[in-house]
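Topology and contacts: notes
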Amino acid sequence: MASSLSVLTRNRDFRRLFGAELVVFGSDWFVMVPLLVLLPQLTGSGVWGALVLAADTGINALLLPYTGTVADRIDRRIILVAANLSALAAMLLLFAVRSPATAPLALVAVGAVAVAKAFYSPAASAALPNVVDPDDLAAANAVAGSAWGTMTIVGASLGGVFSSLFGPYVSFAVAAASLALAALLTSLIRRPLQAARETPPPRAWPALVEALRYIAVRPRIRALVTVKSAVGLGNGVLTVFPLLAALYGVGPLGTGLLFAVRGAGALVGPLLMRRVLGHRSWLLPGLALSMSLYGLGYLGVAVAPWFWLVLVLVFVAHFAGGTNWVLSNYALQGEVPDRLRGRVFATDMMLATLAIAASQLGAAAVVDHVSEQAILAGCSLITLTYAVGWRIATRRLSLSPAPTTG
């Protein structure tokens, strides 16, 4: 199996795709952290931050069934570039969020960015196997899986610092400029981002029905497209990050640090657990273990007496969460043919983001009425319960011995 570094150094097109994803993920968090601090300051309530997170994930989830079919019908390069430019335009609306009366504009802007991401995510995931050779796919997944974590560290940390030093609007401007760079990098990719089609794919709704039938009759695929939901159902913990930082007296910098440590865990997890990708028999048990560790990590956060211990446990939880994401993506890429890959990944991400949105809306409903610790404990116990049930349901399954890239 090729090393992660060698894939980056040898493959220019993969470097460009990976670089564009770094910029996209970084700009996302460069906006989100300052916005989650700004909205409670403007409105005096934690509800608006929770609603922004829920809008980001919920709108994305509702569109994914359709956008996945688009990723299988239209040139994925065009989709990625158009999504970046559309998100850039939407972010400009954030400059108008300056009072309690204009707080709803944040929901509009984040919702529009979520629409763009709904097109971007399945196209990028489906394109990855087409820009690398089959022998490099495991290493490329480990690198690509680290993109989110890497830029959560950079975006969340710098977003918190910039918000403290210069205010949130400087962060918004940097994020908009970054999306223009992502569009440029993607436009420079030379390899085709999907396999040639002998016949055109069906139209959107027939294509979606075809993909759902494909998933429904294959237990392995059903298992893999439901695995991310465990971490998603525990994602309501993010809504209390700004409140948790205030509780420990560390303010916006502490909020940025919590998100950065979250990203560090998501970065390190895929890289350290990369060897698991070479043993497909380890993937399903590894997925169950990663879900459980995420829940246990946040259960510890709920009772931690010191902020430094909170940071350690958040790192552990997202070490597991990042591993969960990469293991399930790699397993799906090996099971699903290219002609269906965009739609299956869209379904996978739809279920995960619906779980995230449900968790965040649940947290939003109680965030002003119960303690931060109660939300943390509740979300972690939901994840642990899901992990146990998923493992019981999948204990007799095994994956295909070799990836299917055609």
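Data block above holds the structure.
Residue numbers run consecutively from 1 along every chain, following the written order of its sequence. Since the coordinates come from a predicted model, pLDDT governs what is reported: local features require at least 70, and pairs of side-chain atoms require 80 or more to be given and counted, while whole-chain, interface and lining totals use all residues. Just so you know, side-chain values use all the structure's heavy atoms and leave hydrogens and water out.

What to know about the overall build of the protein chain
A helix here means a DSSP run of H or I that spans at least four residues, while a strand means a run of E at least two residues long, and both kinds are numbered starting from the N terminus. Counting its regular elements, the protein chain contains 16 helices and zero strands. Note on exposure labels: buried denotes an accessible area under 20% of the residue type's maximum, exposed denotes more than 50%, and partly exposed covers the range between, all computed with a 1.4 Å probe on protein chains only. Counting across all 406 residues of the protein chain, residues that qualify as buried make up 60%. In the protein chain, 87% of the contacts between residues at least 6 apart in sequence involve partners at least 24 apart. Working definition of accessibility: Shrake-Rupley area with a 1.4 Å probe, residue cover restricted to the visible protein chains. Counting every atom, the protein chain has about 15300 Å² of accessible surface; 69% of that belongs to carbon and sulfur. Contact criterion: two residues are considered in contact whenever any of their non-hydrogen atoms come within 4.5 Å of each other.

Overview of the side chain of Asn 84
Relative to the elements of secondary structure, Asn 84 occurs in helix H4 (residues 76–91). With relative accessibility at 2%, the residue Asn 84 sits in the buried group. Not counting the four nearest positions on each side in its chain, Asn 84 is found in contact with Val 24, Tyr 120, Leu 179, Ala 182, Ala 183 and Thr 186.

Regarding the packing of aromatic side chains
In this description, an aromatic ring pair is defined by two values, namely the gap between the centres and the angle between the planes. Any Phe, Tyr or Trp ring, taking Trp's six-membered ring, that has another such ring centre within 6.5 Å forms a pair; planes under 30 degrees apart are called stacked, those over 60 apart edge-to-face, and the others tilted. Under the defined criterion, the tally for this structure stands at nine aromatic pairs. Aromatic pair Phe 95 and Phe 172: ring centres 6.2 Å apart, planes at 85°, arrangement edge-to-face. Highlighted residues: Phe 95 in the loop between H4 and helix H5 (104–131) and Phe 172 in helix H7 (residues 168–187), separated in sequence by 77 residues. By relative accessible area, which is 27% here, Phe 95 ends up partly exposed. Take Phe 172: its relative accessible area is 0%, and that puts it in the buried class. Taken together, the ring pairs connect Phe 95, Tyr 169 and Phe 172 into an aromatic cluster. Any Lys NZ or Arg CZ that is within 6 Å of a ring centre and within 35 degrees of that ring's normal is treated as a charge sitting over the ring. The positively charged end of Arg 98 is found above the aromatic ring belonging to Tyr 169, 3.9 Å away from the centroid. The residue whose ring lies beneath Lys 228 is Trp 325, and the NZ or CZ to ring-centre distance is 4.8 Å.

Topic: the side chain of Ser 229
Secondary-structure assignment places Ser 229 in helix H10 (residues 229–233). Ignoring sequence-local partners within four residues, the contact set of Ser 229 consists of Leu 351, Ala 352, Ala 355 and Tyr 386.

What about the packing of helix H3 (residues 47–73) against helix H15 (residues 338–366)?
Here, axes are lines fitted to C-alpha atoms. For helices the fit covers the stretch in contact, and angles between N-to-C directions go from 0 to 180 degrees. Closest axis-to-axis distance for the H3/H15 pair is 7 Å, and the angle between their directions is 165°. Classified by the angle between their axes, H3 and H15 sit roughly antiparallel to one another. H3 and H15 meet at a crossing whose hand is left-handed. Throughout this entry, Asp, Glu, Lys and Arg are counted as charged residues, while Ala, Val, Leu, Ile, Met, Phe, Trp, Tyr, Cys and Pro are counted as nonpolar. The remaining residues, Gly among them, count as polar. A breakdown of the residues in the contact of H3 with H15 according to their chemical character gives 18 nonpolar, eight polar and five charged. Note on angle classes: values under 35 degrees are labelled roughly parallel, values over 145 roughly antiparallel, values of 65 to 115 roughly perpendicular, and the remainder oblique. Crossing chirality is assigned from the near helix's rotation relative to the far helix, an anticlockwise turn below a right angle marking it left-handed and a clockwise turn marking it right-handed.

With respect to the pattern of salt bridges
By definition here, a salt bridge exists when the distance from a side-chain nitrogen of Lys or Arg to a carboxyl oxygen of Asp or Glu is within 4 Å. Counting across every chain of the model gives six salt bridges. Notably, a salt bridge pairs Arg 10 with Asp 136, separated by 3.2 Å at the nearest N-O pair. Remark: Asp 136 occurs in the loop between H5 and helix H6 (137–166) and Arg 10 occurs in helix H1 (residues 4–10); sequence separation between them is 126 residues. Its relative accessible area of 7% is what places Asp 136 among the buried residues. Asp 75 serves as the salt-bridge partner of Arg 77, at 3.9 Å between the closest nitrogen and oxygen. In this structure Asp 75 comes out as partly exposed when scored by relative accessible area, which is 30%. Here the salt bridges do not stand alone but share partners, grouping Asp 28, Asp 56 and Lys 117 into one network.

Re the nonpolar core
Counting residues in hydrophobic clusters, the biggest one holds 114 residues, and the most contacted among them are Phe 14, Leu 35, Leu 258, Tyr 298 and Val 344. Element by element, the count of residues in this core is highest for helix H2 (residues 12–43), at 16 residues. Excluding residues that lie within four positions of it along the chain, Leu 35 makes contacts with Pro 40, Val 52, Leu 94, Ala 106, Val 110 and Phe 172. To qualify as a nonpolar core, a set must consist of buried Ala, Val, Leu, Ile, Met, Phe, Trp, Tyr and Cys residues joined through side-chain atoms within 4.5 Å.

Here we look at the environment of Val 237
Position of Val 237 among the secondary structure elements: in the loop between H10 and helix H11 (241–247). In this structure, the C-alpha to C-alpha distance between Val 237 and Ala 363, residues 126 residues apart in sequence, is 7.7 Å.

Points about a nonpolar patch on the surface
Here the term patch refers to residues with relative accessible area over 30% and no salt bridge, with like charges joined within 9 Å and nonpolar side chains (Val, Leu, Ile, Met, Phe, Trp, Tyr) within 5 Å. Taken together, Val 161, Leu 165, Phe 166, Val 170, Val 174 and Leu 253 make up a surface patch of nonpolar side chains, about 510 Å² in accessible area. Considering every element that reaches the nonpolar patch, the biggest residue donor is H6, with three residues. With respect to the element layout, Val 161 can be found in helix H6.

Some remarks on the packing of H2 against H7
One can describe the packing of H2 onto H7 by two numbers: an axis separation of 8 Å at closest approach and a directional angle of 165°. In terms of orientation, H2 and H7 fall into the roughly antiparallel class. For the pair H2 and H7, the sense of crossing is left-handed. Side by side, H2 and H7 meet where Arg 16, Gly 19, Ala 20, Val 23, Val 24, Ser 27, Phe 30, Val 31, Pro 34, Leu 35 and Leu 38 of the first sit next to Pro 168, Tyr 169, Ser 171, Phe 172, Val 174, Ala 175, Ser 178, Leu 179, Leu 181, Ala 182, Leu 185 and Thr 186 of the second.

Fair warning: the whole summary comes from geometry, so function is off the table for now.
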